[in-house]
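Residue-level listing of the chains:
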Amino acid sequence: MLRSFGHVALLASMTAVTLGGSSPAPSAVRLPPFVASRSPAVRHLPDSAGGRAMPAVLTLRQQAEVYNGWLKVRLEQILPQLMREEGIDMWLVICRENNEDPVYSSLVPFNTLFASRLQMLVFFDRGGEAGVERFSVNFRQMGEWYRSVWDPSKMDQWARLAEVVRERNPRVIGINESEIDHYGDGLTASLKAMLVKALGPEYSRRLKSAERLAVRLLERRTQAELDFYPQIVAIAHAIIAEGFSNRAITPGATTADDVAWWMRERSRQLGLTNWFHTSVSIQRPKDSPHKASRVIHRGDLLHCDFGITYLRLNTDTQQLAYVLRTGETSPPKGLLDGLAQANRLQDIHMEEMRVGRTGNQVLAAVLKRAKAEGIKPSVYSLPLGVHGHAAGAPVGMTDKQDGVPGDGDYPIFADTVYSIELNVKAPVPEWGNQEVTFALEHDAVVTKDGAYFLDVRPTSFHIIK
């Protein structure tokens with residue numbers, strides 16, 4: 001039984017296990033120093049396949065204790081810093097039940113699953129060491145996290161909000177509205193109209209977009225979260241390793257859809273959820289007798305796109321598998337060469353991920369270097385965290401290889417997590433020089449010292465015998 005949830009004790013053994021058959025290049029397997037320096041300290045579930053162990057998943061009660069520890073640091077240390085850097089004295093997060101602000105779930109404890117009725121969270125910077133005062137103008141109490149300052153029997157909710165604003169007299173009041181980033185645009189038009197009416201002209205003139213505050217708070221990971229994130233990624237990788245093995249696949253019988261649902265069911269068995277439906281696709285020679293069949297056959301190249309949600313953090317992974325033909329002991333050299341190009345593109349991408357650069361600057365640098373090396377690249381990496389496609393600077397999109405207007409001009413900050421998502425197209429001689437897509441996605445953290453993968457990156461195919 002795990003008794004210490006001090007985050008270090010919950011680290012996965014990703015520093016000790018790798019995908020079956022994987023032999024990553026030294027430059028490609030850098031783990032964050034705060035992870036790589038520690039020895040494994042987590043028990044593993046006995047049920048595993050594909051050459052790696054399955055890290056244990058905490059009970060919901062254990063998860064609540066861990067998550068709430070992260071939240072305390074976020075509210076008491078990170079939020080005051082960001083409010084001051086963004087010049088916001090008071091921040092109002094106002095939303096309704098079943099129409100929650102994108103930032104809402106990152107501000108409430110683990111057992112708060114929705115915004116009850118009309119929620120008003122208030123953060124006021126008292127300055128200096130006094131820190132940020134936080135409270136709510138809500139019908140329901142939220143325990144130690146947000147004391148409610150509203151008595152419904154005495155005053156209207158909006159009137160009480162206006163009253164507490166006047167009492168504190170903030171110079172700048174941040175609200176979540178934006179024309180660029182939807183993660184900072186959670187205040188609806190009707191709620192803003194009611195807010196303006198309640199505050200009156202004088203205080204309404206002090207309203208300012210808190211877009212950057214919302215985005216920066218969502219994308220910023222605490223040190224404890226960064227200590228734990230590799231375990232979340234390792235769990236996702238272990239599920240893929242099981243799904244892309246003979247445990248789940250019988251060539252000639254299993255379909256790609258069978259494998260996709262298998263991975264989702266496996267997630268559910270472990271007590272996890274998926275933030276998008278798993279996809280599994282097949283590439284095969286154009287002269288294959290199986291043509292566009294969704295049944296998996298010998299000689300097929302498989303691709304999956306898979307993500308889990310655990311402790312309100314998300315993963316996003318794409319990996320490849322090959323189904324051996326009779327008599328084969330490894331994939332054709334052309335496929336191995338194509339995967340090596342995709343791995344090389346990952347290396348270039350990681351080297352260009354630097355704090356302070358915009359997403360568009362990183363994209364341009366990566367594509368320029370890759371093309372100079374004869375690689376045919378496409379890069380579409382996205383921030384990762386509280387959401388799957390998360391707040392922060394995108395590095396390209398599938399249909400925007402010349403840059404992403406608006407969001408792409410946002411800078412990359414330290415202690416943020418990204419899914420390094422890309423593909424390479426390369427001819428495969430054994431398939432009649434047919435152009436094959438090698439799509440990969442691997443999760444990484446960006447620190448002031450550089451970018452690091454959160455778990456060992458596979459540089460070989462999963463093999464189905």
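Remember, it's a predicted structure, so these values are computed and weren't measured experimentally.

In this section: the overall build of the protein chain. Helix and strand counts for the protein chain come out as nine helices and 19 strands. Counting over 465 residues, the protein chain shows a buried share of 59%. In the protein chain, once contacts between residues fewer than 6 apart in sequence are set aside, the share between residues at least 24 apart is 70%. Carbon and sulfur atoms form 51% of the exposed surface of the protein chain, whose accessible area is close to 19,100 Å².

Here the focus is the packing of helix α3 (residues 157–168) against helix α4 (residues 189–204). What describes two packed helices is the angle between their axes and the distance between those same axes. Interhelical geometry of α3 versus α4 gives an angle of 40 degrees and a closest axis separation of 10 Å. On the basis of their axis angle, the class for α3 and α4 is oblique. In this structure, α3 crosses over α4, and the sense of that crossing is right-handed. Residues Trp158, Leu161, Ala162, Val165 and Arg166 of α3 lie in contact with α4, whose contacting residues are Leu191, Met194, Leu195, Ala198, Leu199 and Tyr203. Considered class by class, the residues forming the contact of α3 with α4 number 10 nonpolar, no polar and one charged.

Summed over all chains, the structure comprises 30 salt bridges. With a closest N to O distance of 3.3 Å, Glu167 and Arg168 form a salt bridge. Its relative accessible area of 18% is what places Arg168 among the buried residues. Among the ionic pairs, Asp347 bridges to Arg457, the shortest N-O distance being 3.1 Å. With Asp347 in helix α8 (residues 333–352) and Arg457 in the loop between β18 (450–453) and β19 (462–464), this residue pair connects regions lying 110 residues apart in the sequence. Both residues of the pair, Asp347 and Arg457, count as buried. Connected through salt bridges with shared partners, the residues Glu133, Arg147, Arg160, Glu163, Glu167 and Arg168 form a single ionic network.

Here the focus is unusual backbone geometry. Backbone geometry places Arg117, a non-glycine residue, at a positive phi of 55 degrees. Relative to the helices and strands, Arg117 resides in the loop between β3 (90–96) and β4 (118–125). With relative accessibility at 45%, the residue Arg117 sits in the partly exposed group. Phi is positive for Lys291, close to 45 degrees, though the residue is something other than glycine. Among the structural elements, Lys291 can be located in the loop between β9 (279–283) and β10 (301–306). What makes Lys291 exposed here is its relative accessible area of 63%.

Right, let's talk about the packing of helix α6 (residues 223–243) against helix α7 (residues 256–269) for a bit. Taken N-terminus to C-terminus, the directions of α6 and α7 make an angle of 135 degrees; their axes are 10 Å apart at the nearest point. The pairing of α6 with α7 is recorded here as oblique in orientation. For the pair α6 and α7, the crossing hand works out as right-handed. Between α6 and α7, the residues in contact are Ile239, Ile240, Glu242 and Gly243 and Val259, Trp262, Met263, Arg266 and Ser267, respectively.

A few words now on the pairing of β10. With six of six residues buried, β10 lies mostly within the body of the structure. Alternating residues of β10 divide into Leu301, His303 and Asp305 and Leu302, Cys304 and Phe306, and every residue in both groups is buried. Looking at chain direction, β10 and strand β13 (residues 317–323) are connected through six bridges and run antiparallel. Paired with Cys304 across the two strands is Gln319, which belongs to β13.

Examined against the element boundaries, Arg160 turns out to sit in helix α3. Overall, Arg160 belongs to the buried group, its relative accessible area being 16%. Within polar-contact distance, the side chain of Arg160 engages the side chain of Glu163 at 2.4 Å. The residues contacting Arg160, other than those within four sequence positions of it, are Val137, Val149, Trp150, Met155 and Glu167.

Here we take up the packing of aromatic side chains. Under the defined criterion, the tally for this structure stands at eight aromatic pairs. Aromatic side chains Phe123 and Tyr146 sit 5.8 Å apart centroid to centroid with 80 degrees between the ring planes, which places their arrangement in the edge-to-face category. Here Phe123 is found in strand β4, whereas its partner Tyr146 is found in the loop between β5 (132–136) and β6 (147–148), with 23 residues between them in sequence. Put simply, the rings of Tyr67, Trp70, Phe110, Phe228 and Tyr310 touch in pairs and so form one group of aromatic residues. The positively charged end of Arg134 is found above the aromatic ring belonging to Tyr146, 6.0 Å away from the centroid. The aromatic ring of Tyr203 is capped on one face by Arg206, whose charged end is 4.3 Å from the ring centroid.

All right, on to the nonpolar core then. The biggest cluster of nonpolar side chains holds 114 residues, and the ones touching the most others in it are Trp91, Leu107, Phe123, Phe244 and Phe438. Considering each element in turn, this core owes the most residues, 11 residues, to α6. With sequence-adjacent residues up to four places away left out, Phe123 is seen in contact with Leu75, Leu79, Met83, Asp89, Met90, Trp91, Val93, Leu107, Val132, Glu133, Arg134 and Tyr146. Leu118, Val165, Ile175 and Leu199 belong to the second-largest nonpolar core, a separate cluster that totals 24 residues.

Glancing now at the confidence of the model for the protein chain. Atom-level detail of predicted coordinates should not be read off regions where pLDDT is low. For the protein chain, per-residue confidence averages 89 on the pLDDT scale, and residues scoring 70 or more make up 89% of the total. Below a pLDDT of 50 lies the segment residues 1–31, which in the model reaches 91 contacts outside its immediate sequence neighbourhood of four places, other chains included. Note on residues 33–50: pLDDT under 50 across the span, and 52 contacts to partners over four residues away in sequence or across chains.

Rules of the game
- Residues numbered from 1 in each chain as written.
- Predicted model: local features only at pLDDT ≥ 70, side-chain atom pairs only at ≥ 80, totals over all residues.
- Heavy atoms only, no water.
- Helix = DSSP H or I, 4+ residues; strand = E, 2+ residues; numbered from the N terminus.
- Buried < 20%, exposed > 50% of the residue type's maximum accessible area, 1.4 Å probe, protein only.
- Contact = heavy atoms within 4.5 Å.
- Areas by Shrake-Rupley, 256 points an atom, 1.4 Å probe, with all protein chains shown as cover.
- Axes fitted to C-alpha atoms, helices over the stretch in contact; angles between N-to-C directions.
- Parallel < 35°, antiparallel > 145°, perpendicular 65-115°, else oblique.
- Left-handed = near helix turned anticlockwise from the far one by under 90°.
- Nonpolar A, V, L, I, M, F, W, Y, C, P; charged D, E, K, R; others polar.
- Salt bridge = Lys/Arg side-chain N within 4 Å of Asp/Glu carboxyl O.
- Pairing = 2+ DSSP bridges.
- Polar contact = N/O pair within 3.5 Å; in protein donor to acceptor, adjacent residues only side chain to side chain.
- Phe/Tyr/Trp six-rings, centres within 6.5 Å; stacked < 30°, edge-to-face > 60°.
- Lys NZ or Arg CZ within 6 Å of the ring centre and 35° of its normal.
- Core = buried A, V, L, I, M, F, W, Y, C linked by side-chain atoms within 4.5 Å.
- pLDDT = per-residue confidence, 0-100.

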